[in-house]
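Structural overview for review
Below, each chain spelled out in residue letters.
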Amino acid sequence: MTKMADSGSSVEIVEGCRLPVLRKNQEHEDEWPLAEILSVKEVSGRKLYYVHYIDFNKRLDEWVTADRLDMKKLQFPKKEAKTPTKNGLPGSRPSSPEREVRKSLDLNLQSATAPSRGKTLPTPKRKVEPVPLVPQVPPAPPVPSLPTSTEASPAAVFPAARETNAFKSREDHEQISSLTTNGTARRLIPSQPGRKRKANCGPTDEDSQDSSDGIPSAPRMTGSLVSDRSHDDIVTRMKNIECIELGRHRLKPWYFSPYPQELTSLPILYLCEFCLKYLKSLKCLQRHLTKCNLRHPPGNEIYRKGTISFFEIDGRKNKNYSQNLCLLAKCFLDHKTLYYDTDPFLFYVMTEYDSKGFHIVGYFSKEKESTEDYNVACILTLPPYQRRGYGKLLIEFSYELSKVEGKTGTPEKPLSDLGLLSYRSYWSQTILEILMDLKPDNGERPQITINEISEITSVKKEDVISTLQYLNLINYYKGQYILTLSEDIVDGHERAMQKRHTRIDPKCLHFTPKDWSKRGKW
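Residues numbered from 1 in each chain as written. Predicted model: local features only at pLDDT ≥ 70, side-chain atom pairs only at ≥ 80, totals over all residues. Heavy atoms only, no water.

Once that is clear, we can look at the side chain of Thr-381. Mapped onto the secondary structure, Thr-381 falls in strand 19 (residues 378-381). The exposure class assigned to Thr-381 is buried, which follows from its relative accessible area of 10%. When near neighbours in sequence (up to four residues on either side) are disregarded, Thr-381 contacts Val-361, Gly-362, Gln-386, Tyr-390, Gly-391 and Leu-394. (Helix = DSSP H or I, 4+ residues; strand = E, 2+ residues; numbered from the N terminus. Buried < 20%, exposed > 50% of the residue type's maximum accessible area, 1.4 Å probe, protein only. Contact = heavy atoms within 4.5 Å.)

With that out of the way, let us pick up the confidence of the model for the chain. When the pLDDT values of the chain are averaged, the result is 75; 67% of them are 70 or greater. Taken as a whole, residues 90-105 scores under 50 in pLDDT and shows twelve contacts with residues more than four places along the chain or in a different chain. Taken as a whole, residues 107-231 scores under 50 in pLDDT and shows 272 contacts with residues more than four places along the chain or in a different chain. (pLDDT = per-residue confidence, 0-100.)

A sheet is described by the order of its strands in space; here five strands give the open sequence 13-14-16-17-19, paired in antiparallel fashion. The sheet is open, and its two edges are formed by strand 13 (300-305) and strand 19, each paired on a single side. Averaged over neighbouring strand pairs, the angle between their axes works out to 20° when direction is ignored. The sheet contact formed by strand 13 and strand 14 (residues 308-314) spans five bridges and is antiparallel. What sits directly across from Arg-304, in strand 14, is Ser-309. Its contacts with the sheet put helix 3 (residues 319-330) on strand 14, strand 16 (345-354), strand 17 (357-367) and strand 19, and the angle it makes with strand 16 is roughly 80°. (Pairing = 2+ DSSP bridges. Axes fitted to C-alpha atoms, helices over the stretch in contact; angles between N-to-C directions.)

Turning our eyes to something else, we now look at the pattern of salt bridges. Evaluated as defined, the whole model comprises 21 salt bridges. One salt bridge connects Asp-30 with Lys-24, and the closest N-O pair in it is separated by 2.8 Å. Judged by its relative accessible area of 49%, Asp-30 falls in the partly exposed class. With a closest N to O distance of 3.4 Å, Lys-305 and Asp-505 form a salt bridge. Residue Lys-305 is located in strand 13, and its partner Asp-505 is located in the segment after helix 8 (487-499); the two are separated by 200 residues in the primary sequence. By relative accessible area, which is 19% here, Asp-505 ends up buried. Put simply, Glu-396, Glu-433, Arg-500 and Arg-503 are held in one network by salt bridges that share partners. (Salt bridge = Lys/Arg side-chain N within 4 Å of Asp/Glu carboxyl O.)

Note on aromatic pairs: each is described by the distance of the centres and the angle between the planes. Tallying each qualifying case throughout the model produces 18 aromatic pairs. Seen from their ring centres, Phe-311 and Phe-358 are 5.5 Å apart, and the 85° between their planes marks the pair as edge-to-face. Residue Phe-311 is found in strand 14, and its partner Phe-358 is found in strand 17; the two are separated by 47 residues along the sequence. For Phe-311, a relative accessible area of 2% gives the class buried. Since its relative accessible area comes to 11%, Phe-358 is described here as buried. Ring geometry for Tyr-385 and Tyr-390: centres 6.0 Å apart, planes at 75°, overall edge-to-face. A relative accessible area of 3% means that Tyr-385 is categorised as buried. With a relative accessible area of 10%, Tyr-390 lands in the buried category. (Phe/Tyr/Trp six-rings, centres within 6.5 Å; stacked < 30°, edge-to-face > 60°.)

Pasting the structure below:
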């Protein structure tokens, strides 16, 4: 039973308390959603409370003043129940040194006799079984029973867009110079034989950034931000950077990013927009710009059309840039894991060109070798460039690379809420574009298979099937599966395609894929 606070008594709000907090919704109307107090601090004699709105995305978390709290409905945190032992007694009694030694000896003996027990291994990912479909899928006229809108319940196809995975990491006492983002939903464990990726936590001096400037040891990253918040680290649940100045833009971060501790107290963190180096003041930035010769991301320019360019960056050859890019991206990505090694990744940075240089718009990363056909690990459009079609352009470019490689690809899971919407929209438009371009064959209705759609688009077969289900295009008719396109779906698709002014031109792509499996070292 939740304990409520007495409205007449003055109570002290502590971390873990829950109560309604005043905020403005999208219509700029007042609302009082339930929120959890994550932290309390005092500034100039006034208390501030860092709140997380329950069932809201973490990017809405913020510091609020006491006048926005509804004290009448204050809920105190529940006390943790003590875990009983085998004898039914509470298990909180401290252990003696002798018992600890005996316990460790028993564990060592067990591990020696039964090596398969007592190890914490990542849970293997289960591959999605494709929905059984008849190979030939001819379209048919719309039927009255079909929905007349492209709006369908996403719950039947896609999981709810909630935080199922987040920032898992390990402590390290070397310099903060080998970080990357990767979207796998597995646990970080100590190095084991047969592990696919090794963590290089001890970089050389030339790879470390500002090692002589007193940058502290690696950040405190020992929490889990999954929906069960009973064991996560309070530090990683709170935004630690107030504002970032990147070129002509000032960005307000959404999530925690492990920048050095001394930079988190600054009102503004300054970044060089070409090398992404972080600096503590405008004067330091101006001094850096006199020495920084970069006017575009390092690496090879593999695409240019108009003002849009793409640069391919090797995470091994350009460690500093890759690490700085990952630190910036972590401010806006919450569903990805930080790894202490950029070597296994390639980064593709999209830029806009003007007279001052190539300005970063967004990027995506991918593994050099992916055993599960992932063609994207992380993908991000920076906030100043969002809602302008650049997200779909990044996605389209990732599939163009897959076409050149002769593979089908899929993004790593889990996707963020915005990433899921972007991919759904891209898959829908790409598949509908192919279906609507089909021509009748000898007066008969056109036919196409799921495999053919996958080969044309390089979209993985499971993603094609789930998109067709999401759009409610698949129907069973007279013993076979058919695709039905209603007028509303066709009209909605045509309106959406009119808004896509910028597309990737394959003729402007100059890309030669490498076989990374044949290289002893990257």
